[in-house]
Amino acid sequence: MERLWGPARGTAAALARAVVTGGELFGPPGERTIERMEALLRGFGAEALPGFSALLGALEIAPMVTHRGRSFSRLSREEALRFLERWSGAGRLRRGYVRALAAPLKVSYFEDPTVYERLGATFTYRNTSQPQRWMRQVTRGAELDEGAVLECDAVGVGTGAGGAVVAKELTDRGHAVLM
């Protein structure tokens, strides 16, 4: 899947309008935001875009019970925002669900050269054809042969905020870290 399928694309656009307040300076999120989000998700692997589409599908039908049969993409921006706020306040699972859907859209909207220009800042794209110097030392698990033997100085279980910081500190000190 290279792009979001039709209904998911409409839900993503409605979600972007609800969670990103463009204002006069930046303007509302549009098709460019959705395209940038698709590119971002493709960078996470083949399963990311279909998985995100499935999450959007669930969001699309969620308000039908409470909004007289109307799907998420049929709600006004204000109704959609209130729906998301209620969901976010209804426990960790729903809050996490809303955040997981909103984060790629927000990153895709704000990580845009025009946003930086309007703020008076500079924006330079990374040259993605050449890996960053430090990435030459990284081996993705998917690239390893089955039964491969790895040598390291430390093993980090988890790459969340704590594990990532510990791994960085260890690698800065010259240690090989497996995460």
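Residues numbered from 1 in each chain as written. Predicted model: local features only at pLDDT ≥ 70, side-chain atom pairs only at ≥ 80, totals over all residues. Heavy atoms only, no water.

Caption draft 1: Up close: unusual backbone geometry. With a phi close to 50°, Arg68 is a non-glycine residue in the positive phi region. One can find Arg68 in the loop between helix 4 (48-61) and helix 5 (77-88). On the basis of relative accessibility, which here comes to 75%, the residue Arg68 falls in the exposed class. (Helix = DSSP H or I, 4+ residues; strand = E, 2+ residues; numbered from the N terminus. Buried < 20%, exposed > 50% of the residue type's maximum accessible area, 1.4 Å probe, protein only.)

Caption draft 2: The confidence of the model for the chain, seen in detail. Per-residue confidence for the chain gives a mean pLDDT of 84, with 92% of residues at or over 70. By mean pLDDT, the top-scoring element of the chain is helix 4 (92), and the lowest-scoring one is helix 2 (residues 23-26) (74). (pLDDT = per-residue confidence, 0-100.)

Caption draft 3: Up close: helix 3 (residues 31-42). Between the first and last C-alpha of helix 3 there are 17 Å, a value that for twelve residues agrees with the 16 Å anticipated at 1.5 Å per step. Residues Thr33, Ile34, Arg36, Met37, Glu38 and Leu41 constitute the buried set of helix 3. Of the surrounding elements, those touching the buried residues of helix 3 are helix 1 (6-19), helix 4, helix 6 (92-110) and helix 7 (113-118). (Expected span 1.5 Å × (residues − 1). Contact = heavy atoms within 4.5 Å.)

Caption draft 4: Summary view of the packing of helix 3 against helix 6. The contact between helix 3 and helix 6 brings their axes to 8 Å, and the two run at 115°. Classified by chirality, the crossing of helix 6 by helix 3 is right-handed. In contact with Thr33, Ile34, Arg36, Met37, Leu40 and Leu41 of helix 3, helix 6 contributes Pro104, Leu105, Val107, Ser108 and Tyr109. Broken down by class, the residue content of the contact of helix 3 with helix 6 amounts to eight nonpolar, two polar and one charged. (Axes fitted to C-alpha atoms, helices over the stretch in contact; angles between N-to-C directions. Left-handed = near helix turned anticlockwise from the far one by under 90°. Nonpolar A, V, L, I, M, F, W, Y, C, P; charged D, E, K, R; others polar.)

Caption draft 5: View of the nonpolar core. One finds Leu4, Leu15, Leu56, Leu59, Phe72 and Leu84 to be the most contacted residues of the largest nonpolar core, which totals 28 residues. Of all the secondary structure elements, the ones that give two or more residues to this core are helix 1, helix 3, helix 4, helix 5 and helix 6. The element contributing the most residues to this core is helix 1, with seven residues. Residues within four places of Leu15 in sequence aside, it is in contact with Leu56, Leu59, Phe72, Leu84, Leu101, Ala102 and Leu105. (Core = buried A, V, L, I, M, F, W, Y, C linked by side-chain atoms within 4.5 Å.)

Caption draft 6: Expanded view of the pattern of salt bridges. Enumeration over the complete set of coordinates arrives at seven salt bridges. The shortest N-O distance in the salt bridge between Arg42 and Glu2 comes to 3.9 Å. Of this pair, Arg42 sits in helix 3 while Glu2 sits in the segment before helix 1, placing them 40 residues apart in sequence. Given the relative accessible area of 34%, Arg42 is considered partly exposed. (Salt bridge = Lys/Arg side-chain N within 4 Å of Asp/Glu carboxyl O.)

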